[in-house]
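Fold and geometry: a report
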Amino acid sequence: MENKKIYDPSIKIKPESWHLEGEGVVESTKLLRQLEGVFADVDAFKKLHPDTLVYNVQAHLPVKEGTPGGLFFGTTVIQPGKVGNEYFMTRGHFHATADRAEYYWGVQGEGMLILMDADRNTWAEKMYPGSLHYIPGGVAHRVANTGKTPLIFGASWPSDAGHNYAEIDNNGFSARLLEIDGKPSLI
Ligand code: S6P
Ligand code: ZN
């Protein structure tokens, strides 16, 4: 950076969709077939098209993953849908550096942030435009879209947090968010 020079930011967020545009944005998508074993109802899972889009993530990673002191920023869009009576949701994870915290916030749509501590106590917080969620270190997090439109949420997390997916892949959360009598319930 040059002394006294005024710059345009190298990255921008679209005001409505929170779509990220600019340098260093990485994108990934999760199709249903990449979420085998995540949903409880195996028969319902097999009946859906394996290429169904469940969610996509954009992330701005200005430093190398693992660098202490940096921050990452992301936008996740989860499509509406269910596998049986279980809402479309993210895979969910603890952080690899377990004590690292994260913020999530609701941008569009309706959903639920599902949280589980190291003792496997599971609870949830409602997500909607403007909801803000502090996820303490040591708490696994997953988001479900409980609405009829795409759920968009933002996230920011430390660049040395990393992801521990194995714990959730192997043991899941201790409760699932199911639609019971038309309403989301943790079962
Ligand atoms: C990263 C942050 C989010 C998630 C994204 C997808 O720490 O929590 O960007 O990666 O919402 O969820 P998951 O569980 O598939 O990584
Ligand atoms: Zn995280």
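The rules behind these values
Residues numbered from 1 in each chain as written. Chains lettered and ligands numbered in written order. Predicted model: local features only at pLDDT ≥ 70, side-chain atom pairs only at ≥ 80, totals over all residues. Heavy atoms only, no water. Helix = DSSP H or I, 4+ residues; strand = E, 2+ residues; numbered from the N terminus. Buried < 20%, exposed > 50% of the residue type's maximum accessible area, 1.4 Å probe, protein only. Contact = heavy atoms within 4.5 Å. Areas by Shrake-Rupley, 256 points an atom, 1.4 Å probe, with all protein chains shown as cover. Lys, Arg positive; Asp, Glu negative; His and termini not counted. Charge placed at Lys NZ, Arg CZ, Asp CG, Glu CD. Core = buried A, V, L, I, M, F, W, Y, C linked by side-chain atoms within 4.5 Å. Donors = N, O, S within 2.8 Å, 3.2 Å for Na, K, Ca; no water. Tetrahedral: all angles 85-135°; square planar, octahedral: opposite > 155°, others 65-115°. Near = heavy atom within 4 Å. Polar contact = N/O pair within 3.5 Å; in protein donor to acceptor, adjacent residues only side chain to side chain. Nonpolar A, V, L, I, M, F, W, Y, C, P; charged D, E, K, R; others polar. Pairing = 2+ DSSP bridges. Axes fitted to C-alpha atoms, helices over the stretch in contact; angles between N-to-C directions.

**Digging into the overall build of the protein chain**
Check the secondary structure of the protein chain and you find two helices and 15 strands. Counting all 187 residues of the protein chain, 41% fall into the buried class. The long-range fraction of contacts in the protein chain, counting pairs at least 24 apart against all pairs at least 6 apart in sequence, stands at 68%. When the accessible surface of the protein chain is split by element, carbon and sulfur atoms take 53% of a total near 10300 Å². Within the protein chain, one finds 18 positive and 23 negative side-chain charges whose respective centroids are separated by 2 Å.

**Quick word on the nonpolar core**
Grouped together as the largest cluster of nonpolar side chains are 36 residues, with contacts concentrated most on Phe39, Ile78, Val83, Tyr104, Leu113, Val143 and Phe153. At the level of elements, helix H1 (42-47), strand E4 (53-60), strand E5 (71-78), strand E9 (111-116), strand E12 (140-145) and strand E13 (151-158) are the ones that each hand at least two residues to this core. If we skip the residues at most four places from it in the chain, Tyr104 touches His93, Leu113, Met127, Ser131, Leu132, His133, Ile135, His141, Val143, Phe153, Gly154 and Ala155.

**Considering the coordination of the zinc ion (ligand 2)**
Surrounding the zinc ion (ligand 2) are the protein donor atoms His93 (NE2), His95 (NE2), Glu102 (OE) and His141 (NE2), at 2.1 to 2.3 Å. Coordination geometry of the zinc ion (ligand 2): the six donor atoms subtend angles of 61 to 165° at the metal centre, consistent with an arrangement described as irregular. Along the chain, the residues donating to the zinc ion (ligand 2) are arranged with the sequence spacing H-x1-H-x6-E-x38-H. The exposure classification of His95 matches that of Glu102, with both residues buried.

**Things to note about the site of ligand 1**
Neighbouring ligand 1 are 15 residues, the closest being Tyr55, Gly92, Glu102, Tyr104 and Tyr165. Interatomic distance of 2.8 Å between a side-chain N/O atom of Glu102 and an oxygen atom of ligand 1. Where the shell around ligand 1 is concerned, the elements lending two or more residues are E4, strand E8 (102-108) and E13. Partitioned by chemical class, the residues of the shell around ligand 1 number six nonpolar, seven polar and two charged.

**Digging into the sheet that holds strand E11 (residues 132-135)**
Pairing is antiparallel across the open sheet formed by six strands, whose spatial order is E3-E4-E5-E13-E8-E11. On the outer flanks of this sheet lie strand E3 (25-31) and E11, each paired with one strand and no other. If you compare each strand with its neighbour and ignore which way they point, the axes differ by 20° on average. Here E8 pairs with E11 via four bridges, running antiparallel. Each residue of the ladder has a partner; that of Glu102, found in E11, is Ile135.

**So, unusual backbone geometry**
Unlike most non-glycine residues, Trp18 shows phi in positive territory, near 60°. By the secondary structure assignment, Trp18 is in the loop between strand E1 (11-13) and strand E2 (20-22). A relative accessible area of 23% places Trp18 in the partly exposed class.

**Some details on the sheet that holds E12**
Read across the open sheet, the three strands follow the order E10-E9-E12; overall the sheet is antiparallel. For this open sheet the edge positions go to strand E10 (122-127) and E12, each flanked by a neighbour on one side alone. Strand after strand, the sheet turns through a mean of 25° between neighbouring axes, direction not considered. Pairing between E9 and E10: six bridges, direction antiparallel. Bridge pairing in E10 places Ile114 opposite Ala124.

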